[in-house]
Amino acid sequence: MLNMEIKPFFIIMLIAMLVMAIGVILFVVLYQRRVIKHQLDLKLLNAQKELEVLKASIQSEEEERKRIAQELHDDVGATLSSARLFLNADVNNITAEQIIISKKLIDDSLSKIRMVSYKLQPNTLINLGLQSALENMIEILNKSGTIKATFEVYRDIPRMESYAELHVYRVVQELLTNITKYANATHLTLTLNLDSRIRIILIHDGNGMTNEQFEELSKSPKGQGLKNIKNRLRIVNGQIEFLKIEDYYRILVFIPLPNE
Amino acid sequence: MKVYFNQNIQWAGNLFLALEIFFFAAFFINFLAAKPRWFYWLITFLLLFWFLYEGAESRFMVFNRFGASVLCITYSVLCLISYWRILRLQNYHFIEQSGAFWIISGVFIYASTSSIVFALPEILKDETAFNVNVWWYFYILINIIRYVLIGIGLRLYAKYGD
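1. A few points about the overall build of chain A
Okay, step 1: Across its full length, chain A holds seven helices and five strands.
Okay, step 2: Written out in order from the N terminus, the α and β elements of chain A read α-α-α-α-β-α-β-β-α-α-β-β.
Okay, step 3: Classification of the 260 residues of chain A by burial places 20% in the buried group.

2. Observations regarding the overall build of chain B
Okay, step 1: Counting secondary structure elements, chain B contains five helices and zero strands.
Okay, step 2: Reading chain B from its N end, one meets helices and strands in the order α-α-α-α-α.
Okay, step 3: With 162 residues in all, chain B has 30% of them scored as buried.
Okay, step 4: The long-range fraction of contacts in chain B, counting pairs at least 24 apart against all pairs at least 6 apart in sequence, stands at 79%.

3. A closer look at the pairing of strand S2 (residues 187-194) of chain A
Residues and elements named next belong to chain A.
Okay, step 1: Of the strand pairs in this sheet, strand S1 (residues 148-153) and S2 are connected by six bridges, and their pairing is parallel. From the neighbouring strand, Val153 faces S2, where its bridge partner is Leu192.
Okay, step 2: Read as a crossover between parallel neighbours, the route from S1 over helix H5 (residues 162-183) to S2 is left-handed.
Okay, step 3: Turn length for the S2-strand S3 (residues 197-204) hairpin, with the two strands adjacent in sequence and antiparallel, is two residues.

4. Details of the nonpolar core
Okay, step 1: Core analysis: the largest hydrophobic core is formed by 34 residues, its most contacted members being Tyr75, Cys79, Ile103, Ile104, Val107, Phe108 and Ala111 of chain B.
Okay, step 2: Every element with two or more residues in this core is listed here: helix H1 (2-87) of chain A together with helix H1 (10-31), helix H3 (65-89), helix H4 (99-124) and helix H5 (132-160) of chain B.
Okay, step 3: When residues in this core are grouped by element, the largest group, 13 residues, is from H4 of chain B.
Okay, step 4: Met160, Ala164, Ile200 and Leu202 of chain A belong to the second-largest nonpolar core, a separate cluster that totals 32 residues.

5. Some words on the sheet that holds S2 of chain A
All names here are of chain A.
Okay, step 1: With mixed pairing, five strands are arranged side by side in an open sheet as S1-S2-S3-S5-S4. With one partner strand each, in any of the chains shown, S1 and strand S4 (239-245) form the two edges of the open sheet. Strand after strand, the sheet turns through a mean of 15° between neighbouring axes, direction not considered.
Okay, step 2: In this fold helix H4 (residues 130-144) packs onto S1 and S2, with an angle of close to 160° to the strand it touches most, S1.
Okay, step 3: Its contacts with the sheet put H5 on S2, S3 and strand S5 (248-256), and the angle it makes with S3 is roughly 10°.

6. Points about the packing of helix H6 (residues 211-219) of chain A against helix H7 (residues 224-235) of chain A
Residues and elements named next belong to chain A.
Okay, step 1: Their axes nearest at 7 Å, the elements H6 and H7 cross at an angle of 105°. Relative to H7, the element H6 is oriented roughly perpendicular. On H7, the residues touching Phe214, Leu217 and Ser218 of H6 are Leu226, Lys227 and Lys230.
Okay, step 2: Split by residue class, the contact of H6 with H7 holds three nonpolar, one polar and two charged.

7. Some points on unusual backbone geometry
Note on backbone geometry: most residues besides glycine have negative phi, and most peptide bonds are trans.
All names here are of chain A.
Okay, step 1: At Asn184, a residue that is not glycine, the phi angle is positive and equals roughly 55°.
Okay, step 2: Here Asn184 lies in the loop between H5 and S2.
Okay, step 3: Notably, Glu246 is not glycine yet its phi reads approximately 55°, a positive angle.
Okay, step 4: By the secondary structure assignment, Glu246 is in the loop between S4 and S5.

8. A few points about the confidence of the model for chain B
All names here are of chain B.
Okay, step 1: Across chain B, the average pLDDT comes to 80, with 83% of residues at or above 70.
Okay, step 2: Per-element averaging of pLDDT across chain B places H4 at the bottom with 82 and H3 at the top with 87.
Okay, step 3: Here the predicted complex carries an ipTM of 0.78, next to a pTM of 0.56.

Reading the values: rules and limits
Residues numbered from 1 in each chain as written. Chains lettered and ligands numbered in written order. Predicted model: local features only at pLDDT ≥ 70, side-chain atom pairs only at ≥ 80, totals over all residues. Helix = DSSP H or I, 4+ residues; strand = E, 2+ residues; numbered from the N terminus. Buried ≥ 20, exposed ≤ 12 C-beta atoms within 10 Å, placed from the backbone. Contact = placed C-beta atoms within 7 Å. Pairing = 2+ DSSP bridges. Right-handed = clockwise from strand over helix to strand, strands pointing away. Core = buried A, V, L, I, M, F, W, Y, C linked by C-beta atoms within 7 Å. Axes fitted to C-alpha atoms, helices over the stretch in contact; angles between N-to-C directions. Parallel < 35°, antiparallel > 145°, perpendicular 65-115°, else oblique. Nonpolar A, V, L, I, M, F, W, Y, C, P; charged D, E, K, R; others polar. pLDDT = per-residue confidence, 0-100.

As structure tokens, this is what we get:
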């Protein structure tokens, strides 16, 4: 009698235990596959992002080269050609005025070459850091007369890795170019502040954009500059926000502190 | 036909279990990177001592089912910890190519089911209450699966390492 009662229970227990053991093994295999698939997907996504950044960086480099070539050809080339024309005259008949004009044209060319060289790699940025380079950038913008720009510092920002400083510098440069080109702004303020992050705030009275417009434009083929801003900020783990407060547009750029 | 354990060969089962303790101790201590090693080897020797003490009463001539059941439960727990380690470390891109995984799976299938096979008759304390055939054939089947899986594991271990 006892045998009859125990036997089925015993068999069920054994089968249940076997099923449980196989279940645990299957769970381990399937879970492991899922995790590996997830990891591979993440790696693929990162690789795609890196490729995108690389593409954008190559494209921006090409555009920069094109712009420099154009600047050298149209400005420096034309000025030097004029100087050559003045100096091409007969040596005995050359006037003092012609020499003075030629000298002025050559000086202009030199200054333009210096400007191109500065744009390529600003010395202030390398030697004195981002804060001084941005101050210098605002000074040059003011001198151009296109906009009335002011520079304010609430707290000095620390020096960062050179690549990070260059990326942030290029971001601000691109933002300022966009403001002067498209926003029709007459006044602009660049403010630097520091708390848990470095804060770069640009306020202007022109036609700005919202976060949504920025996202939309940066995805369009025309928004190469905005795409570069995004990519450069991604490299330095930075963030950007576009706000409109009353009649002023604000662009906030947040950069993590160097030790983070 | 009913098959009963031949009392004369039960000492071989005891000896085999005692030797098995060393094999699994070496495997798990190595796989789980358990430190300090001397501490886990001490536990292994204490377990062995306890197993021998349990069987000494019958002069090792009767298979020590209670001891075997305790060992199987210990191995099952170690296998679960090993699975947890495999999932946590994520070192294996192809888990099927890991010798350790197959060895652990073989041990786990054997240990988790055999613990019941060994424990139930011991708990019931009634040798006539169950049919020896049932657990004997089941035990053989589980052992075949175990050795096949451990064999695959050792082959992979030799081929790829772990």
